[in-house]
Amino acid sequence: MLEVSHIAKRFDDHQVLKDVSLQVKQGDVVVILGPSGSGKTTFLRCLNHLEKANQGQLTLGGRTYDLEKLSKKDILDIRQKTAFVFQHYNLFANKTALENILEGLVVARKIPKEEARQLAQEALAKVGLLDYADYYPSQLSGGQQQRIGIARAIAVKPEVILLDEPTSALDPELVGDVLNVLKQLAEEGVTMVVVTHEMSFAREVATQVVFMDGGVIVEENNPKDFFARPQEARTRQFLSRLLSDESYSVEYVI
């Protein structure tokens, strides 16, 4: 359902992405791992034009787009089919949880307000925060704010949700609640591409794990083989360092 071919991106003289290609099937949960500066977040942002790629093609919903030459209509079309969950929530401080979700439905999607309210309430219920509909972001914990961000994404019923390190800004005790929501979505068949350092999530929930470094995909495989039998020396080095750091071993209970 989502195919990315030969994406490249540079900032001035720095080449951040070098000929990156990836296929995502409907219902897949693709987890992208990699060290800081590997290009994984830039890659994710290029998929819905938060960053403009210098070259590459994106096929989504049966249509192929040239990412270097997107028209305003193309950008709108891609964003209608995708939703983005940010690392730092990006909620409107002056709007309640419900209003933050309604904004994308009513303003961006032109959905009638009553229908949008029902969709927003359903999304809040799905992330366990319906009772917090009238709370402002300042009244919510970081984990609750991120769950509102996820509710905002699922409310628009996108073909694929893109998540950029959705737990990295959270205190450790709040991580589990967010991961539980993502696991529930995965069980429901929601297609997701997730940039994260959460090894437990990648092991248990991902259908495909991708390791990026230096602006390229070094290795990709199913979770079992990726963690048990990494093929590339750079992957083995990354995993040995990351898995030895207890801060990345987050346990969560469904």
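Keep in mind that this is a model prediction, so the values were computed, not measured.

Asker: Please clarify how the confidence of the model for the protein should be interpreted in this entry.
Answerer: A low pLDDT score tells you not to read the predicted coordinates there in detail. Here the protein shows a mean pLDDT of 93. Residues at 70 or above account for 95%. Contacts of residues 246–254 to residues separated by more than four positions or lying in other chains number 19 contacts, the stretch itself having pLDDT below 50.

Asker: Please explain the pattern of salt bridges as it appears in this structure.
Answerer: As a working rule, side chains carrying opposite charge can pair if their charged atoms are close by. The tally for this structure, following the rule as stated, stands at 10 salt bridges. Across the pair K81 and D77 runs a salt bridge, and its minimum N-O distance is 3.3 Å. Taken together, the residues K81 and D77, both in helix α2 (residues 72–81) and 4 residues apart, mark about one turn of the helix. For the pair formed by K81 and D77, the shared burial category is buried. One salt bridge in this structure joins K183 and E204, with 3.8 Å as the shortest N-O distance. Separated by 21 residues along the polypeptide, K183 in helix α6 (residues 172–187) and E204 in helix α7 (residues 199–204) bring together distant segments of the chain. With relative accessibility at 17%, the residue K183 sits in the buried group.

Asker: Would you explain helix α5 (residues 142–155) in this entry?
Answerer: For the α-helix, the turn length of 3.6 residues means that residues three or four positions removed from each other point alike. Look at α5: 20 Å from first C-alpha to last across 14 residues, which is about the 20 Å you get at 1.5 Å a residue. Of all 14 residues in α5, 14 are buried, a share of seventy percent or more. In the stretch just after α5, K157 is the one whose phi turns positive, near 50°.

Asker: Explain the pairing of strand β5 (residues 63–66) here, please?
Answerer: The two faces of a sheet get side chains in turn, since along a regular strand they alternate between them. Sheet topology places strand β4 (residues 55–60) next to β5; 4 bridges connect them, and they run antiparallel. The residue of β5 that forms the bridge with L60 is R63. Counted between consecutive antiparallel strands, the loop separating β4 from β5 contains 2 residues, among which G61 sits at a positive phi close to 60°.

Asker: Explain the environment of E187 to me, please; I cannot follow it from the model alone.
Answerer: Residue position: E187 is located in helix α6. With relative accessibility at 58%, the residue E187 sits in the exposed group. As for E187 and K73, which are separated by 114 residues in sequence, their C-alpha atoms are 33 Å apart.

Asker: Is there a simple way to explain helix α1 (residues 40–47) in this structure?
Answerer: Where burial is concerned, most of α1 is hidden: 6 out of the 8 residues are buried. Those residues of α1 that sit buried are K40, T42, F43, L44, C46 and L47. Directly after α1, the chain includes H49, whose backbone phi takes a positive value near 65°.

So, how was this worked out
Residues numbered from 1 in each chain as written. Predicted model: local features only at pLDDT ≥ 70, side-chain atom pairs only at ≥ 80, totals over all residues. Heavy atoms only, no water. pLDDT = per-residue confidence, 0-100. Contact = heavy atoms within 4.5 Å. Salt bridge = Lys/Arg side-chain N within 4 Å of Asp/Glu carboxyl O. Helix = DSSP H or I, 4+ residues; strand = E, 2+ residues; numbered from the N terminus. Buried < 20%, exposed > 50% of the residue type's maximum accessible area, 1.4 Å probe, protein only. Expected span 1.5 Å × (residues − 1). Pairing = 2+ DSSP bridges.

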